[in-house]
Amino acid sequence: MKKETVSIRTKETTARIRNTAVEAVRTKDIVKKAVRVYDEGKLGIGGSIGDVEESVWEKQAKDNLEAGIEYPYPLETGTDHRDYNANPMDAQTMLKHTERILKTLRDEFPEFTFSESVTIRETTTTMRNSEGLDLSYHDGRFELGFILKEKKSANLFDGFVAFEGRKFDPERFWAFNRKYLAAYNNPVDFPKGDKLPVFTLGGPETKRFLMRALNGENYATNSSLFSGKIGERLFHEKLTLEQNRNPKETHQAFFDNEGVRNENDRVALIENGVLKKPFTDKETAERYNLPHTGGASGAYDGVPSLRTAPLRFKTDSEDIKKTLKGEPAILVVVSSGGDFTAEGTYAAPVQLAFLFDGENILGKLDEFTMRSSLFAMYGEDYIGTFKSDELYLGDDVQLQGFYMDIKR
Amino acid sequence: MFEFPKNLYTDVRIEEAHTTKIAYKNKTIQEEKIRRNKGAFVRVFDGERWYYSSTTDVDRLQEKIDELASMANPKEGLEDHPIVKAFETNQDKILQYEETDVSKVPAHKKRELMEEYLSLLDVEGIAHHKSFYVDNRIVKSFYSSKGAAVTFDKQTCGIRMDMDVVFGKKKDQVGVSRGAVHFEELAGLQEYFQTEIDKNLDYVKNAEPVEAGTYPVLLSPTATGVFTHESFGHKSESDFMVGDETMAKEWKLGKRIGQKHLNIVDDGNVRGNGYVPYDDEGTKGKKTRIITDGELTGRLHSTLTAALMEEGLTGNARAVDFEYEPIVRMSTTYIEKGDTPLDEMIANVRNGVFIDTIKHGSGMSTFTLAPARAYKIEDGNITTPINVSVVTGNVFETLALVDNLSEEFDLLSFVGGGCGKMEQFPLPVGFGGPYTLVRELKVE
């Protein structure tokens, strides 16, 4: 009988903010552990939250073998220990930053209120097995997420101030956010035209739709929009979409739920616009004779399965301002509730957007609806995926630009 | 039980959750997860600031209390602080699911039930499917330094089947689910599942792109539930209003929000996902009339918001689990039924859209509904299935456009997913209502 353990330890301190003041301080120290046992092609799992003796979960896992869950695949081996933030920010420093930021917001931006949280989170994820696998990933993050409300507004909230990263640079934070918050008070007209360059920070509905289309099982059973199109050009020739487990860019473990690692932590699924492969776990790769990408997901105590994959576009363009050649653009900050139809038509209301010259946020636009389709957005109407250093929102933030139909 | 520190308010919430998930990929079992988790959340309040700690180490809660107390500044007379004064001090024990505890149903019975329904998916057009059975029974205990001592249980169970449907170039992912409180209620649902599967297949096979525009929209009870939750429910959560003069003016009690026939209720006593006999601050669950005869008559509160706004407690302080503090959340929120037969409502629509099922919704200044199944209404009949990306409306205007409500009425619980509010997702909530005719919404 082979054995594998998975553990995730999360320690965090959060300052809860209400009306631009600290209302509460919350600490967490949560351990989640699971034991997997493999016997005669079957898998059993036991686990729970809390630091319980491993033998308890091992018994649970052995009992779980009776469910008959098939897992006839070889286990991973090898050692890889990585620490992406050996000296994460401590709670006192976080609280000092928080109080200073809130004071500046109260003093300089009294027309707004800010609520929600600032958090420091330290996570250690390990996976080990009796075949010699020994993986560990440690990281620490500073996360600031405020909902912003204009005092004169009757909306629940009117926007966000956010930052997520390993280090926090107050000077850069204020250099960006002073300009960003000033733009709220500067209503501007839309640029002329019904089809305009729109930049987004990566809409979740787009990733969700692509994830469904690039799921290996959907691909193999003809239920993906991309089925049968490996080798075909789908999108603009400069567009590359990867399954990316590089913690520097995606802030998550560098191995999948089966302990699989990729060369350079990434696999191109769409390269230069051409569909290369869907993402797969071991079962899907074997069952449908597809390349195995290490795309298994699942809960710490769940059976590895093919559901979500960490998709990230490769940065393919530089200098938005130069690319725009003076053409005014729209920067979408809040677009909530939009979606794609099954065939790829896209529509989304935009609750908050700014006029943008590629470098500076110039003023606030009224709400509008943007429309396109998946193939237009990433095909003829694709502008590019840019790394944004000007918008100090976090480590490795990307901005993606498309020409979109705008309905005011 | 605990030694509460002097001159501070302290409460402790302990949660013991038993959960089951049995998942299938096509007809093969993929996962059988049976878990018993225990954790606790401790709060200390010194009149100025709150100190929270969540832990899985429930044997050392006194240490956690003392640790938080050492960070706080005790104040004499804290018992007269308006927030501290407002806390209820209920002492109660309601363990009503001990006899019908879903966790005691053997796993093989749950598998057998699922496998019975999986055979319904052996039909042309379903390329592959993933399905699961889930249940959970939670026993919560709440103790406070004011003397509250409450223990209660709640449970839900449900089945969900997600299928990828392919008819030539027409492809979509659709689902069917049913939630319940007792395991036995999930038996004998072949006809319900069969009907829903047939509707899904017909929808994918025949759906046409919608012509974008503004239409009268008829919402099913499911869609009405999401619409109510997103278009108005979040606006009734009073933590958004505390210390905000504009919001207080905009949402002043007595303000006319809708037409005379519009009544919206939040009720923590309804069994199912939104069942809150006591909230996570030990406040007894209540029925709150948020809109009565079209006028704003109430809003949802935690103890903090109720005290600050000088209104009564409503029992809506809820946390997604023991890792989080309670914040103001809905329980079961619904529009009360009207008196028009559904057939009559449909017959009066010349050119509209019927939203049958929903993928997701959201609610800021513009609320959104992303339909899973939608249909044209033409000359008084529901006709062609249509592909719709999103339906939108303005939260400040749309409730006034609710023109008609059916006498048919249904309350439901989602299986999987739930309500999200900032970091706390997914919180189980109940929702539903009658069929609702909205005069105009944007359909894209």
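**Digging into the domain arrangement of chain B**
The accessible area lost on association of the parts is a frequent measure of interface size.
All names here are of chain B.
Next, step 1: As far as domains go, chain B holds domain 1 (9-206) and domain 2 (213-443).
Next, step 2: The partner domain 2 presents 36 residues to the 43 residues of domain 1 that form the contact.
Next, step 3: When domain 1 packs against domain 2, the two sides together hide about 3200 Å² of surface, and 57% of this comes from carbon and sulfur.
Next, step 4: At the junction of domain 1 with domain 2, the criterion picks out four salt bridges.
Next, step 5: With a shortest N-O distance of 2.9 Å, Lys286 and Glu88 are connected by a salt bridge.
Next, step 6: Between the two partners, domain 1 and domain 2, sit 18 residue pairs in polar contact (both at pLDDT 80 or more).

**Structural notes on the domain arrangement of chain A**
Residue and element names in this part refer to chain A.
Next, step 1: For chain A, the assigned domains read domain 1 (2-184), domain 2 (195-202 + 315-407) and domain 3 (205-313).
Next, step 2: Counting residues at the interface gives 31 residues for domain 1, matched by 22 residues for domain 3.
Next, step 3: Counting each side, the surface lost to burial between domain 1 and domain 3 is near 2200 Å², with a carbon and sulfur contribution of 61%.
Next, step 4: Together, Tyr73, Glu76 and Tyr137 form the three largest contributors to the area buried by domain 1 at its contact with domain 3, with a combined 23%.
Next, step 5: Remark: the boundary between domain 1 and domain 3 carries three salt bridges.
Next, step 6: Put simply, domain 1 and domain 3 have 10 residue pairs in polar contact (both at pLDDT 80 or more) between them.
Next, step 7: Within the residue set of the side of domain 1 that touches domain 3, elements represented by two or more residues are strand E1 (2-18), strand E2 (21-39), strand E3 (42-49), strand E4 (78-83), strand E5 (112-129) and strand E6 (133-150).
Next, step 8: The leading source of residues in the side of domain 1 that touches domain 3 is E6, at six residues.
Next, step 9: Across the side of domain 1 that touches domain 3, the residue classes tally to 16 nonpolar, six polar and nine charged.

**Examining the sheet that holds strand E10 (residues 266-271) of chain A**
Neighbouring strands of a sheet are bound in pairs by backbone hydrogen bonds; such pairs are parallel or else antiparallel.
Residue and element names in this part refer to chain A.
Next, step 1: Taken in spatial order, the four strands make up an open sheet running E11-E10-E9-E12, and their pairing is antiparallel. Since the sheet does not close on itself, it has two edges, and those belong to strand E11 (274-275) and strand E12 (311-313), each with one partner.
Next, step 2: Sheet analysis places strand E9 (residues 241-244) next to E10, joined by four bridges and oriented antiparallel. Looking at the pairing, Leu241 lines up with Ile270 of E10.
Next, step 3: Across the sheet, helix H4 (residues 204-214) lies against E9, E10, E11 and E12, angled at about 115° from E12, the strand it touches most.

**Brief notes about the pattern of salt bridges**
When their charged atoms lie close together, side chains carrying opposite charge are able to pair.
Residues and elements named next belong to chain B.
Next, step 1: Counted under the stated rule, the structure contains 75 salt bridges over all chains.
Next, step 2: Between Glu250 and Lys255 there is a salt bridge whose closest N-O contact spans 2.9 Å.
Next, step 3: The exposure class assigned to Glu250 is partly exposed, which follows from its relative accessible area of 25%.

**Some points on the packing of aromatic side chains**
Next, step 1: In the structure shown here, the tally under the stated rule is 51 aromatic pairs over all chains.
Next, step 2: Measuring from centroid to centroid gives 5.3 Å for Phe227(B) and Phe367(B), while their planes differ by 70°, and the two rings are edge-to-face. Taken together, the residues Phe227(B) in helix H5 (residues 221-231) and Phe367(B) in strand E17 (residues 366-378) connect sequence positions 140 residues apart. As far as burial versus exposure is concerned, Phe227(B) and Phe367(B) are alike and both buried.
Next, step 3: Of the aromatic side chains, those joined through ring pairs into one cluster are Phe112(A), Phe114(A), Phe146(A), Phe176(A), Tyr180(A), Tyr184(A) and Phe354(A).
Next, step 4: Above the ring of Phe254(A), the side-chain terminus of Arg82(A) is found at 3.8 Å from the ring centroid.
Next, step 5: When the ring centre of Tyr192(B) is taken as origin, the NZ or CZ atom of Arg178(B), which lies over that ring, is 4.1 Å away.

Cut-offs and rules
- Each chain has its residues counted from 1, following the order in which its sequence is written.
- A letter from A marks each chain and a number from 1 marks each ligand, given out in the order of writing.
- Selection of residues for local features in this predicted model requires a pLDDT of at least 70, selection of side-chain atom pairs for listing and counting requires 80 or more, and totals for whole chains, interfaces and linings are taken over all residues.
- In computing side-chain properties, one takes all heavy atoms of the structure into account and sets aside hydrogens as well as water.
- Where each domain starts and ends follows an automatic or database-derived domain assignment.
- We call two residues in contact when some of their heavy atoms are within 4.5 Å.
- Defined in terms of a 1.4 Å probe, buried area is the accessible area two parts forfeit on being brought together, summed over both.
- Salt bridges, as used here, are contacts in which a Lys or Arg side-chain nitrogen is within 4 Å of a carboxyl oxygen on Asp or Glu.
- Distance and chemistry together define a polar contact, namely a pair of N or O atoms within 3.5 Å, with one atom able to donate a hydrogen and the other to accept it when in protein, and with adjacent residues in sequence counting only for side-chain atoms on both sides.
- Secondary structure elements follow DSSP: runs of H or I of four or more residues count as helices, runs of E of two or more count as strands, with numbering from the N terminus.
- Nonpolar residues are Ala, Val, Leu, Ile, Met, Phe, Trp, Tyr, Cys and Pro. Charged residues are Asp, Glu, Lys and Arg, and all others, Gly as well, are polar.
- DSSP-based pairing: two strands are paired if at least 2 bridges between them are found.
- A fitted line through C-alpha atoms represents every axis, and for helices the fit uses only the stretch in contact; the resulting angles, taken between N-to-C directions, go from 0 to 180 degrees.
- Only protein chains enter the accessibility calculation, which uses a 1.4 Å probe; a residue whose area is less than 20% of its type maximum is buried, one above 50% is exposed, and one in between is partly exposed.
- Stacked, tilted and edge-to-face are the three classes applied to pairs of Phe, Tyr and Trp rings, where Trp contributes its six-membered ring and a pair requires centres within 6.5 Å; stacked means planes under 30 degrees apart, edge-to-face means over 60, and tilted covers the rest.
- Any Lys NZ or Arg CZ that is within 6 Å of a ring centre and within 35 degrees of that ring's normal is treated as a charge sitting over the ring.

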